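Structural features, examined
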Amino acid sequence: MLTVDVQTRAFSRPGRGRTPLGVLLKSFEGRNDDDIVRCTSDHPLLVWRSEFREIYLQELLRLEGRGDYVDVCAECNTNSPLYRCRDCFGGRMLCQECTVLGHALTPLHRLECWNGTFFQKTSLKSLGLRIQLGHAPGQICGNPKRAFNDDFTVLDSHGIHAVAIDYCDCESAKSLVQQLLRVSWFPATTVNPRSATTFRLLQEFQLLSFESKVSAYEFYHSLARNSDNNEITFVQGRYESFIRSVREWRHLKMLKRSGRGHDPAGIVNTSSGECAVLCPACPHPGINLPDGWESSPPHRKWLYADFVAIDANFRLKRKHVSSDAIDPSLSDGWGYFVEDSQYRTFLNERQHDIQEKSTCSSHNAVNMADTKSSQGLATTGVGSIVCARHNFKYPNGVVDLEKGERYALASIYRDRTNVIERRYANMDYAFFSAMRHSSRNVLNVSYDIACQWHKNLWARMLAFPPAMQLQHTIMNTRFFVPKFHLPAHIAKCHTLYSFNFLPGVGRTDGEAPERGWSSINPAASSTKEMGPGSRRDTLDDYFGDWNWKKLTGLGAILLRKLKDAICESAEYRAVLQELEDALIHDEPKAFAEWKEEVYTWEADPSKTNPFDPKVETLTQATIRLQLARDDVQALRDGTQVILHDDVSPSMLIASGLDLEEQQRRLSLDKASLGLHVSDRQEGSVFHKITSLQRRIDSWTAIQQLYMPVVSIIRQRHSTTNLRTDQPEDYALCLPSAVVAACGTCDKTLMEHEWKLRHAQAHDALHSLRQTLRYRSYILKFKDRHLTGQGANTRARATLKKIEAKITIVTQRYQAAHAALCSLAPYLNKTGWQATLRSLRSDDIRSMTDMLDMETEGTRTFSWIWKVHGASRDEGDRDGSLDAMRIEWCKARARANRWTEEVELLMEEMRRTDQFLKWHASWWTERINILPVTDNSLAEGLVAYAHRQASLRHSLKDRFHSMWSSTLAVMCGGKQQHGVNTAVRHCWRDAITCRRDVGGGITVGRDRTCQKQQLYAGGLQPGAAASL
C-alpha cells in the first residue's frame, strides 16, 4: 500500500521508508498515468513547475513543425503534403487537392502552408475553394453568380476570413440576403453584400457582452488580432459592418423570443413593452392570480400587491454623440425604455421649470438635480422601475435623465384662494409609464426619496395622458424608503416609510435596483460612446438578459429564501412570545393599551404612531428659555438677587457653556492648519483668538460677582496652570469644576448648570446621530455616483468636514457628561446615567455600521440610537417603560414581517408555477396562429413554438421538483398534495413550534440544527432574504 505524509509531502511503503515526491515522480517516467499516485495535498502548480513545465514547452515547440507523418498526404497517401488545418482535429498534413475537398463543408477553417522551413498562413480561397450558396451542400449551381468583385469577407469565431462565394442565379433563386441567411451568415448590407458575420460569432459576442460587458470595439479588434497578430498581412476593416450586424442581431433575437414572428399582425404592430421578459412571481391578473382575487378579504389582499422600486443610475451616461435622426432606435418603446419621441416632447414643454427642493435630509438626488455637471453629456444617467421583490425590470420603466433625478419640474400659480401646482418629471414619467400595464388594487412603492417624491403625486398625474393615469382612488398605495437608505433620513421618516414596521410587506428591503446596477455599470464605458438609438437598443438587450437570468434562477432563489424565512419566523415568534409573557405578568394594563394602539395604527396610519417615543426632546434652547422665564418670575416674587444689571445667574452659566464651545472650535481650527498656511487663514485664526479672549475677560469679570470662590481657587494655583496665553486653554471654572476642586458652590448655580448640561448632552446626541446619518449617506452617494479624481477629492473634503463636526459634537457630549458626574452627588441626582452613558469610540457609529467580528445576524446598535429624552409620564421618569413599549412594537414587527415573508414566498411559488404553465400554453397557441404557404417556414415556426413551450414546461417541472424534494425533508417525509400545501404544513408546524421535523429539527431555539435539516435536500444555505 502507498501512503503519503501531508506535512512533508513524501510517500512511503511498508518496509521501504519514505521517498520525496519529486524523486518518486521521476521514477514514474515512462509509466502510464494510471500508475502515478496523486493525493489531495499535492499542489498542482508546484508539481507542474518542477516536473512538467519543460515537457509542455517542448510539445508546444514540436507543433511548430510538421510532426511525425510528413512524407505523404494523410488522406490520399500519394501526394506530398504541404498544408495543415489549425481547426481540424489532429493537425494532419494534406496535399492541396485533399485540403480543398476536405473543407468543402468547413470553409472557414484556418490553413497553414509549409514553405520548407516553417509554416505560413494561407487561405482556402487561395487554394481554389469556392463556396456555393442557394443549393444543398455539395451541389454546384448551373448559373452561379460571384460576389461583387469576387471579394467577400466573413467574420467568424476564428477570425476574419476572405472567401470566394458563388450565389445561385437560377430562376427560382432566392435573394442574395436570403441565401446568406440560410447558411447562418448575417449579411452586413441588404444590397450586394460584401461581408457577413456568422450566427455563431454574433451569439458568442452577445453572451460575452452580457457576462463580461466587453465592447464591440474590443471584441472586433481581438478578432482581428486572432487573424493576424503581427499586422503583416492585410485584414479587411469590417468594424462598422460588425457593430451594425450586432445591433440588428440583438433586435431580431428580441422579436423572435417574444413571439413577434408568430403574430399575423406583423412586427410593426408590436405594442409598447410587449418584448419585455415578465416576472413570473409577480401578480398578473388573468394569468397567475386566483379567481376572485379582487374581492379577497383584507387579511389576504396584501398577498396580491405589486412591489415596485424606483431608482436612478448616474453611471450610465451618454455623450453628445450622433442624434435620433441619424441613429434611431429599432425597437422604440417595445422593451424596457419608454417611447423616446413622446418622452422628449413631454419634457421639452417644461424645460424651464424649477426643481422643488427636498424638506428631508439634504437629498442630493433632489437638491442637486439642477446642479450636476452635465457638460458634454446628452444623458446624465437612467431612471428605472423594477420589481422590488425579484429585481425584474418593468416594461417601459426605463428613462434617460438629463439633469439629475428630476422627479419634479414645478410651475406654480398662486392666488388668494388656492395654489395650483403642475409638476412633471423624468421619474414620474417612468413610474406612470410602467404602471399603466398594472391593474392591481394594492401597490407598494419604494424610492430612496419617497418621503419627498410622493407629495402631490396624484395631482401631478393629472397632467399626464389619460392612458398613463392610475385609478388611485380605488387603490391602496403605500410608499417606502429602502432599508439601507432610511438611516440618512430625518427621524420622522424612520417609521412612516419603513419596511420593517409597516404590515403586509414581508422582508422586502427595497434595495433591488442597487443590485441590478452593479451588473450593468461595467457596460457604461462602451454605451456612453454610442448614439441614442444604439444605446437604448443595447441596454434593452442587457435588461432583457438580466430578466431572463433572474427567471431561470427564480426557483432556487425562492426556495433559499423560504428556508431562511421559516427558521427566522419560528425564532422571532419564540422571542416575541417570551417578551409578551413577561409584559403580561409585569405590566398587563400597559401591554393591553400598547396592543390596541398598534392595531389602531396598522388599520389607520394617520393615528398615533406606536413606534414614536412619547418623550420630550431636550435642547439647550428649550432649557434656556425655561430658565429665563424662571428668572423673570423670581424677580417678580423677589426671591432672587441679581448682582449684574444685564446678566442673571442662568445667563452666566449659559454664556460659560457658549465660551466652552467656542474654545473647542478654536482648538479644532488651529489643529486643522497645515504646514503651509496662507495669510488669510492665519489672519482668520488670529481674529478668532482675539475675539474669544475679549469675551472671556468680560465673562470672568461678571463671574467674580456670582462666584467669589473662583478668586480663591485662582489665587491658590499658579497663573500658568489657570491662565495661559492661549484662550482656548483657559479654565472657565464653571460650578461643576469648582465643586470638584473645593467641594462647595452656590446650589442655584449648580442647578442651572445641571439643567443646561443635561439638555446639552441630549442636544449633542441628537447632533451626533444626524451627522452620522449624513456621513453614511455621503459615503453611499460617493460609491454609487462619483467617478474621477476631481469629484472624489471634493467628496473627501466634504467627509473631512463631517468628521470634524463629529469630533466637536463628541467633545461637547463628553464635557457635559463629565460635568453631570461632578454635580450629581451634590444635587442628589440619580438614574440619569441609565440614559446618558459614557461615550466611547466604539459607540460613535451609524446604525448600519458593525463592530469587528459582528455580522448582520449578530449586529447590535450603539446605545446612542436608543436614547429618546425625558418621558412625559410621571410614572416613567427615566423613560424605561416607553422604551419597553417601543422594543415590544419592534419585536412584534420583526416576527410579523418574517411570518408574512413565509406566506408571501409561498404565494410567489404558486404564481411562478401558474405563470410558466400559462406561458407554455401561450406558445402552444402560436403554432397555428400564423398561416404561411412556405412549408419550411411553417415547420420552423411550429418547431420554435414547441421548443419555447417545452422550455417553460421544463422550468416548471424543475422548480416543482426542486421545491418538492426539499419540502419533503422539511415535512418529515410526508407526501403532500402540491407544493403550496406542503409549504403551508411545514410553515404552520414551524410557527407553532410544536413539531420535531424529520427527527432532527428543534423548532424555535436551535436554528443551526434546523437549518442543517432544511438544507439536507442538497442546496447550499443562502444568506437572509433581506437586509
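Residues numbered from 1 in each chain as written. Predicted model: local features only at pLDDT ≥ 70, side-chain atom pairs only at ≥ 80, totals over all residues. Heavy atoms only, no water.

**Remarks on the overall build of the chain**
A count of helices and strands for the chain gives 31 helices and 25 strands. Out of the 1027 residues belonging to the chain, those deemed buried represent 47%. For the chain, the share of sequence-separated contacts (at least 6 apart) that also reach a separation of at least 24 residues comes to 71%. (Helix = DSSP H or I, 4+ residues; strand = E, 2+ residues; numbered from the N terminus. Buried < 20%, exposed > 50% of the residue type's maximum accessible area, 1.4 Å probe, protein only. Contact = heavy atoms within 4.5 Å.)

**What to know about the pattern of salt bridges**
This model, assessed by the stated rule, comprises 42 salt bridges. When the shortest N-O distance is used, the salt bridge between Arg84 and Glu112 registers 3.0 Å. With Arg84 in strand E4 (residues 83–85) and Glu112 in strand E6 (residues 111–114), this residue pair connects regions lying 28 residues apart in the sequence. Given a relative accessible area of 15%, Glu112 falls into the buried group. The residue Arg910 makes a salt bridge to Glu907 at a minimum N-O spacing of 2.6 Å. (Salt bridge = Lys/Arg side-chain N within 4 Å of Asp/Glu carboxyl O.)

**Notes on the sheet that holds strand E14 (residues 195–198)**
Spatially, E11-E10-E14-E13 is the arrangement adopted by the 4 strands of the open sheet, whose pairing is mixed. A strand with exactly one partner marks an edge of an open sheet, and here the two such strands are strand E11 (159–163) and strand E13 (185–187). Strand-to-strand twist across the sheet, computed as the mean angle between neighbouring axes with direction ignored, equals 30 degrees. With 3 bridges connecting them, E13 and E14 associate as antiparallel partners. Paired with Pro187 across the two strands is Ala196, which belongs to E14. Running at roughly 60 degrees to E11, helix H6 (residues 216–227) makes contact with strand E10 (152–156) and E11 of the sheet. (Pairing = 2+ DSSP bridges. Axes fitted to C-alpha atoms, helices over the stretch in contact; angles between N-to-C directions.)

**Looking at the environment of Asn896**
Within the secondary structure, Asn896 is located in helix H28 (residues 880–925). Put simply, Asn896 and Arg507 are 389 residues apart on the chain and 9.5 Å apart in space, counted from C-alpha to C-alpha.

**Thoughts on the sheet that holds strand E19 (residues 393–401)**
Strand pairs in the sheet, formed through backbone hydrogen bonds, run parallel or antiparallel to each other. Taken in spatial order, the 5 strands make up an open sheet running E19-E18-E15-E22-E23, and their pairing is mixed. The open sheet has two free edges, formed respectively by E19 and strand E23 (476–480), since each of these has just one partner strand. With direction set aside, neighbouring strand axes in the sheet form an average angle of 20 degrees. Pairing geometry for strand E15 (residues 306–313) and strand E18 (residues 381–387), over 6 bridges, is antiparallel. If you follow Ala309 over to E18, its bridge partner there is Val386.

**Notes on the pairing of E18**
Among the 7 residues of E18, 7 are classified as buried, and the element is accordingly described as predominantly covered. Burial along E18 is two-sided: Gly381, Gly383, Ile385 and Cys387 and Val382, Ser384 and Val386, pointing in opposite directions, are all buried. Pairing of E18 with E19, which is carried by 5 bridges, proceeds in the antiparallel orientation. By the bridge assignment, Val386 is partnered in E19 with Lys393.

**Some words on the packing of aromatic side chains**
Within the structure shown, the criterion is met by 35 aromatic pairs. When the ring of Tyr220 is compared with that of Phe242, the centres are 6.1 Å apart and the planes differ by 35 degrees; the resulting orientation is tilted. Of this pair, Tyr220 sits in helix H6 while Phe242 sits in helix H7 (residues 239–257); the two residues are 22 residues apart in sequence, bridging distant segments of the chain. Tyr220 gets classed as buried once you look at its relative accessible area, which sits at 5%. Judged by its relative accessible area of 1%, Phe242 falls in the buried class. Between Phe431 and Phe432 the ring centres are 5.2 Å apart and the planes differ by 65 degrees, which places this aromatic pair in the edge-to-face class. (Phe/Tyr/Trp six-rings, centres within 6.5 Å; stacked < 30°, edge-to-face > 60°.)

**Concerning H6**
Compared with an ideal rise of 1.5 Å per residue, which puts 12 residues at 16 Å, H6 spans 17 Å between its outermost C-alpha atoms and is within 8% of the ideal. Along H6, the residues classified as buried are Ala216, Phe219, Tyr220, Leu223, Ala224 and Ser227. The arc enclosing the buried residues of H6, seen along the axis, measures out at 140 degrees, which places them on a common side. Against the buried residues of H6 lie strand E7 (119–122), E10, E11, helix H5 (199–212) and H7. (Expected span 1.5 Å × (residues − 1). Arc of directions from axis to C-beta.)

**Observations regarding the side chain of Glu511**
Structurally, Glu511 is set in the loop between helix H14 (493–496) and helix H15 (512–520). A distance of 3.0 Å separates a polar atom in the side chain of Glu511 from a polar atom in the side chain of His485. (Polar contact = N/O pair within 3.5 Å; in protein donor to acceptor, adjacent residues only side chain to side chain.)

**Comments concerning the pairing of strand E22 (residues 442–447)**
Buried residues dominate E22, accounting for 6 of its 6 residues. Across 5 bridges, the pairing between E15 and E22 is parallel. What sits directly across from Phe307, in E22, is Asn444. When E22 meets E23, the two strands line up parallel, connected through 5 bridges. Within E23, the residue paired with Val442 across the bridge is Asn476.

**A few points about unusual backbone geometry**
In this structure, Asn192 is a non-glycine residue whose phi angle is positive, near 45 degrees. Looking at the secondary structure, you find Asn192 in the loop between E13 and E14.

**Section: the packing of helix H18 (residues 554–586) against helix H19 (residues 588–603)**
The contact between H18 and H19 brings their axes to 5 Å, and the two run at 125 degrees. Classed by the angle they form, the pair H18 and H19 counts as oblique. The residues of H19 that touch H18, namely those facing Glu580, Leu583, Ile584, His585 and Asp586, are Pro588, Phe591 and Trp594. Tallied by class, the residues present in the contact of H18 with H19 amount to 5 nonpolar, 1 polar and 2 charged. (Parallel < 35°, antiparallel > 145°, perpendicular 65-115°, else oblique. Nonpolar A, V, L, I, M, F, W, Y, C, P; charged D, E, K, R; others polar.)

**Focus: the confidence of the model for the chain**
Confidence in the prediction for the chain averages 79 pLDDT; 77% of positions are at 70 or higher. Contacts from residues 404–424, a stretch scored under 50 in pLDDT, to residues over four places away or in other chains number 69 contacts. Low confidence marks residues 982–1027, where pLDDT is under 50. Its contacts with residues over four positions away, or in another chain, come to 100 contacts. (pLDDT = per-residue confidence, 0-100.)

**With respect to the packing of H15 against helix H17 (residues 532–552)**
Contact geometry for H15 and H17: axes closest at 11 Å, N-to-C directions at 120 degrees. Between H15 and H17, the angle falls in the class oblique. Judged by the sense of rotation from one axis to the other, the crossing of H15 with H17 is right-handed. Packed against H15, whose contacting residues are Arg515, Gly516, Ser519 and Ile520, the element H17 presents Leu539, Tyr542, Phe543 and Trp546 at the interface. Residues belonging to the contact of H15 with H17 are distributed by class as follows: 5 nonpolar, 2 polar and 1 charged. (Left-handed = near helix turned anticlockwise from the far one by under 90°.)

**Considering helix H25 (residues 735–742)**
Listed as buried for H25 are Pro735, Ser736, Val738 and Val739. Down the axis of H25, the sector holding all buried residues measures 165 degrees, keeping them to one side. In this structure, H25 carries Ala740 and Ala741 as exposed residues pointing more than 90 degrees from its buried face. Looking one or two places after H25, you find Gly743, whose phi comes out positive at around 80 degrees.

**Some details on the side chain of Glu908**
For Glu908, the position within the fold is in helix H28. Here Glu908 falls in the buried class, since its relative accessible area comes to 1%. Setting aside residues no more than four positions away along its own chain, Glu908 makes contact with Ala281, Arg389, His390 and Leu558.

**Looking at the nonpolar core**
Counting residues in each nonpolar core, the largest one holds 60 residues, and the members touching the most others are Ile310, Ile385, Tyr429, Phe431, Phe432, Met435 and Trp453. Ile653, Val685, Tyr706 and Ile806 belong to the second-largest nonpolar core, a separate cluster that totals 49 residues. (Core = buried A, V, L, I, M, F, W, Y, C linked by side-chain atoms within 4.5 Å.)

**Focus on the state of the cysteines**
Inspection of every chain in the model, using the stated rule, returns 0 disulfides. Distance from the sulfur of Cys76, which forms no disulfide, to the nearest cysteine sulfur (Cys73) is 3.7 Å. Classification of Cys76 as partly exposed rests on a relative accessible area of 26%. (Disulfide = S-S within 2.5 Å.)

**Focus on the environment of Ser296**
Within the fold, Ser296 resides in the loop between H7 and helix H8 (298–301). The exposure class of Ser296 is buried, given its relative accessible area of 10%.

**Here we look at the environment of His489**
Within the secondary structure, His489 is located in the loop between E23 and H14. You can call His489 buried: its relative accessible area is 1%.

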